[in-house]
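Examining the three-dimensional arrangement
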Amino acid sequence: MIFDSYEAYRAANFTPKVCILGSGPAGMTIARKLGAAGIPVVVMEAGPREFSDDSQDFYRGSTVGDFYFDLDITRLRFMGGSSNHWAGWCRVLDKQDFEPKAWVPDTGWPIARTDIEPYLPEVRDILDLPALRPDMPISDDIRWVQLIKSPAVRFAEKFGDELDKATNIAVVLNTCATELAGDGRRVTGARLWSHGQDAGSFSADYFIVCTGGLENSRLLLWSNQRSNGGVVPNATALGRYWMEHPTFEGGNAILADYNAFEVDAVNEAFFSPTLAAMERLQIMNFGIRLIETPYPGVKSLIADLACTAPSMAEWMSYQLSQRLRCAAQLYVAWEQAPLASNQIELSKTDVDHAGVPRIELHWKKSELEHRTLLEGLRLFGATLIEKNLGRVRIADWISNGQDYPTNDETAGHHHMGGTRMGTDISKSVVDANCKVHGMDNLYVGGSSVFCTSGQCNPTTTITALACRLGDHLSKVVTA
Amino acid sequence: MSFIIKKMSRRALVQALIALPALSLFRKLPDADAAGPKPDPNEIVEVGGWILKRSDLA
Ligand SMILES: Cc1cc2nc3c(=O)[nH]c(=O)nc-3n(C[C@H](O)[C@H](O)[C@H](O)COP(=O)(O)OP(=O)(O)OC[C@H]3O[C@@H](n4cnc5c(N)ncnc54)[C@H](O)[C@@H]3O)c2cc1C
């Protein structure tokens, strides 16, 4: 059932056991899992069916530190959430992303990749993915990795009819939770806002916050402030350890044989470091994306190379005259070190229409990350030499230690951390089952529970975690 | 310098320029033993942002 207002939903007299806040990939996946298990569930979705400026305005906020996107641009507030404009790149976090890195503090998850692997067949169905392929080492330091360019499933489009027909799932549009109330053990209710006005309080046995990787922290910070710590009793880490995937053009490569690498449907190939290389150089995970360079770019690359390695430049000109593909741009996205100082705070001056303080995002890239970027390109360059596959040129701003450019990709729109998973209550917000520490009936879905970000896009892992949480809750609720 | 050039005939000037590349022949070359081990042609070097093999260099 899908209702366009809270009023219409109330008139239907539906009695849910579980209330999910948010209908993005996380919320919708959990709702479908619970619904399939015969558990009545309501999904409160802040936005309407289609994009609206009014709804989007609730997402405005500010950033402090490094240049970042406007917070109302980097996500979408309507049914299906940011799946309405995601690009569809898919990959699950690496095994080593879940394990602690001895050289980086606050890394490691309380679960292993094997804990989400049983859900990958379901994830493939949900995201329309082909078979997942293992990594292929191309040297001791670099592995080819599969990053799937999927059809970018729009969740509302794909699952809208199914949800509309479901008798034990109610999706309530234009209805957001402005705060949760709690007594330090349980959430006792949610304050709702629907169609521009306060809609009163709502209660259910269980609440799952799936409002996105920025909004989860905002809602919980505000709720906790209003209920004097009654919603997140151990809140030291709440809003902290926020992470993105910084993404920049890191240089170019000339390639002896473009066909030496397996490229995907859009002619791109992806590479990451081996664990041994990360350990040896004490760097984070990264992904190098190889994209064929447009023709004018190749010419200036050859001219540049001619100054230092004329015979190689000559060879490259020959390749070009044969109209062979021989050059590529290298984009690098990397894993950020989890830092408590990268955090979501509530603005002290700015509130949305419902009176909830807007986000003030504090975000800075660290020195370790600059080193990861530089060493990553060096590793890739050395591998191309070792395997006689080509040569790499590192962009000047990186070699010269200059500031990050502000006209580049910047980041992936991947909002991770803020309610991270863990066993240490001073450094995490939820446990291995995504349940808020100390609370009996409050769970969190989405990438805000990520402890580390790995190098790859998050939605495949989000969906796998959502399937796992759906299964877990089905057992808890029916016990 | 410009004084010397003015005094030189045009022919002598051209001859001097032609001879320039050969000047290095007269420089004292380090003797082979003292130069230490020859650089490894496979050594990885970074020049102008390029990651190259030493043998790639001109
Ligand atoms: C331009 C762009 C490209 C991207 N490309 C990729 C990609 O290629 N691969 C990839 O893996 N990821 C990509 N992402 C990220 C991906 O979109 C997110 O990881 C994913 O959508 C997160 O799902 P979610 O359900 O956790 O949150 P969201 O999708 O943000 O959904 C949250 C939902 O909660 C609702 N909501 C918010 N506040 C409240 C409230 N208080 N009460 C009730 N409901 C609320 C929102 O309206 C929204 O529907 C991209 C993102 C962007 C912006």
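Residues numbered from 1 in each chain as written. Chains lettered and ligands numbered in written order. Predicted model: local features only at pLDDT ≥ 70, side-chain atom pairs only at ≥ 80, totals over all residues. Heavy atoms only, no water.

Looking at an unreviewed UniProt entry, chain A carries the name GMC oxidoreductase, with the source organism given as Mesorhizobium ciceri biovar biserrulae. The UniProt entry for chain A carries this comment under Sequence similarities (unreviewed entry): "Belongs to the GMC oxidoreductase family." In its Cofactor (unreviewed entry) section, the UniProt record describing chain A reads: "FAD". (UniProt positions renumbered as here; feature names shortened; annotations may be inferred.)

Residue and element names in this part refer to chain A. Inspection of every chain in the model, using the stated rule, returns one cavity of 30 Å³ or more. Considering only enclosed or pocket space, the largest cavity measures out at about 30 Å³ in volume. Together, Ile-30, Cys-434, Val-444, Gly-445, Gly-446, Val-449, Ile-462, Leu-465, Ala-466 and Leu-469 line the largest cavity. A per-element tally of the lining of the largest cavity places helix α13 (residues 459-478) first, with four residues. For the lining of the largest cavity, the class distribution of residues is eight nonpolar, two polar and no charged. (1 Å grid on protein atoms, 1.4 Å probe; cavity = no way out; pocket = protein on both sides within 12 Å on 5 of 7 lines; lining within 4 Å. Points joined across faces, edges and corners; volume = space filled by probe spheres on them. Helix = DSSP H or I, 4+ residues; strand = E, 2+ residues; numbered from the N terminus. Nonpolar A, V, L, I, M, F, W, Y, C, P; charged D, E, K, R; others polar.)

A few words on the side chain of Gln-329 of chain A. Residue and element names in this part refer to chain A. Topologically, Gln-329 is positioned in strand β18 (residues 327-334). The buried category is assigned to Gln-329, whose relative accessible area is 16%. Reaching out from Gln-329, the side chain makes a polar contact with the side chain of Glu-249 at a distance of 3.5 Å. If near-sequence neighbours (up to four positions away) are discounted, Gln-329 is found in contact with Glu-249, Gly-251, Asn-252, Arg-289, Leu-290, Ile-291, Glu-292, Thr-293 and Pro-294. (Buried < 20%, exposed > 50% of the residue type's maximum accessible area, 1.4 Å probe, protein only. Polar contact = N/O pair within 3.5 Å; in protein donor to acceptor, adjacent residues only side chain to side chain. Contact = heavy atoms within 4.5 Å.)

What follows concerns the pairing of strand β7 (residues 142-145) of chain A. All names here are of chain A. Residues Ile-142 and Trp-144 line one face of β7 and the alternating positions Arg-143 and Val-145 line the opposite face, and both faces are buried. Of the strand pairs in this sheet, strand β6 (residues 136-137) and β7 are connected by two bridges, and their pairing is antiparallel. Each residue of the ladder has a partner; that of Met-136, found in β7, is Trp-144. The turn linking β6 back onto β7 is made up of four residues. Bridge analysis of β7 against strand β16 (residues 268-273) gives four bridges, and the strand direction is antiparallel. When the sheet's bridge partners are listed, Trp-144 is paired in β16 with Phe-271. (Pairing = 2+ DSSP bridges.)

Here we take up the packing of aromatic side chains. Residue and element names in this part refer to chain A. Considering all chains together, one arrives at 20 aromatic pairs over all chains under this definition. With a centroid separation of 4.7 Å and an interplanar angle of 50°, the aromatic rings of Phe-98 and Trp-109 are classed as tilted. You can see Phe-98 sitting in helix α4 (residues 95-98) and its partner Trp-109 sitting in the loop between α4 and α5 (120-127), a full 11 residues away along the chain. In terms of burial, Phe-98 and Trp-109 fall into one category: buried. Ring centres of Phe-248 and Tyr-404 lie 5.0 Å apart, and the angle between their planes is 40°; this geometry places the pair in the tilted category. Of the two residues, Phe-248 is situated in strand β15 (residues 246-255) and Tyr-404 in the loop between α12 (396-399) and β22 (410-411); the sequence distance between them amounts to 156 residues. In this structure, Phe-248 and Tyr-404 share a single accessibility class: buried. Clustering of aromatic rings is evident, with ring pairs tying together Phe-3, Tyr-6, Tyr-9, Phe-14 and Phe-202. Across the ring face of Tyr-331, the terminal group of Arg-289 is positioned such that the distance to the ring centre comes to 5.4 Å. (Phe/Tyr/Trp six-rings, centres within 6.5 Å; stacked < 30°, edge-to-face > 60°. Lys NZ or Arg CZ within 6 Å of the ring centre and 35° of its normal.)

All names here are of chain A. Taking 1.5 Å per residue, 12 residues should reach 16 Å; helix α2 (residues 25-36) reaches 16 Å between its end C-alpha atoms and fits that length. Among the 12 residues that make up α2, 10 are buried, leaving the element largely enclosed by the rest of the structure. Along α2, the residues classified as buried are Pro-25, Ala-26, Gly-27, Met-28, Thr-29, Ile-30, Ala-31, Lys-33, Leu-34 and Gly-35. In the stretch just after α2, Gly-38 is the one whose phi turns positive, near 80°. (Expected span 1.5 Å × (residues − 1).)

This part is about the sheet that holds strand β9 (residues 169-172) of chain A. Residues and elements named next belong to chain A. Read across the sheet, six strands follow the order β1-β9-β3-β2-β13-β24 without closing on themselves; strand pairing throughout is parallel. A strand with exactly one partner marks an edge of an open sheet, and here the two such strands are β1 (2-3) and β24 (442-444). Of the pairings in the sheet, the one linking strand β3 (residues 41-44) to β9 comprises four bridges and is parallel in character. The residue bridging Val-43 from the neighbouring strand is Val-171, located in β9.

Here we take up the side chain of Gln-343 of chain A. Residue and element names in this part refer to chain A. Relative to the assigned elements, Gln-343 resides in strand β19 (residues 343-351). Take Gln-343: its relative accessible area is 11%, and that puts it in the buried class. Within the local environment of Gln-343, its side chain forms a polar contact with the side chain of Arg-240, the two groups lying 3.1 Å apart. Filtering out sequence-adjacent residues up to four positions away, Gln-343 remains in contact with Gly-239, Arg-240, Trp-242, Glu-360, Leu-361 and His-362.

The interface of chain B with chain A comprises 12 residues on the first partner and 18 residues on the second. Both sides together, the interface formed by chain B and chain A hides about 1400 Å², and carbon and sulfur atoms give 63% of it. If you sort the residues of chain B by the area they bury against chain A, Trp-50, Ile-51 and Asp-56 of chain B come out on top, with a joint share of 50%. The tally of links from chain B across to chain A stands at two salt bridges. Asp-56 of chain B is the salt-bridge partner of Arg-391 of chain A, the closest N and O atoms lying 2.6 Å from each other. (Buried area = accessible area lost by both parts, 1.4 Å probe. Salt bridge = Lys/Arg side-chain N within 4 Å of Asp/Glu carboxyl O.)

Moving on, we get to the layout of surface pockets. Residues and elements named next belong to chain A. If you add up the space inside the second largest pocket, you get close to 260 Å³. Lining the second largest pocket are 19 residues; nearest its centre among them are Arg-91, Asp-94, Arg-113, Arg-133 and Asp-135. Of the residues contributing to the lining of the second largest pocket, the split by class is eight nonpolar, four polar and seven charged.

Here we come to the packing of α2 of chain A against helix α6 (residues 155-165) of chain A. Residues and elements named next belong to chain A. Contact pair α2 / α6: the axes reach a minimum separation of 11 Å and the direction vectors enclose 25°. Relative to α6, the element α2 is oriented roughly parallel. α2 and α6 meet at a crossing whose hand is left-handed. Contact with α2, carried on its side by Pro-25, Met-28, Thr-29 and Arg-32, involves Phe-155, Ala-156, Phe-159, Glu-162 and Leu-163 of α6 and no other residues of that element. Residues of the contact of α2 with α6, tallied by class, amount to six nonpolar, one polar and two charged. (Axes fitted to C-alpha atoms, helices over the stretch in contact; angles between N-to-C directions. Parallel < 35°, antiparallel > 145°, perpendicular 65-115°, else oblique. Left-handed = near helix turned anticlockwise from the far one by under 90°.)

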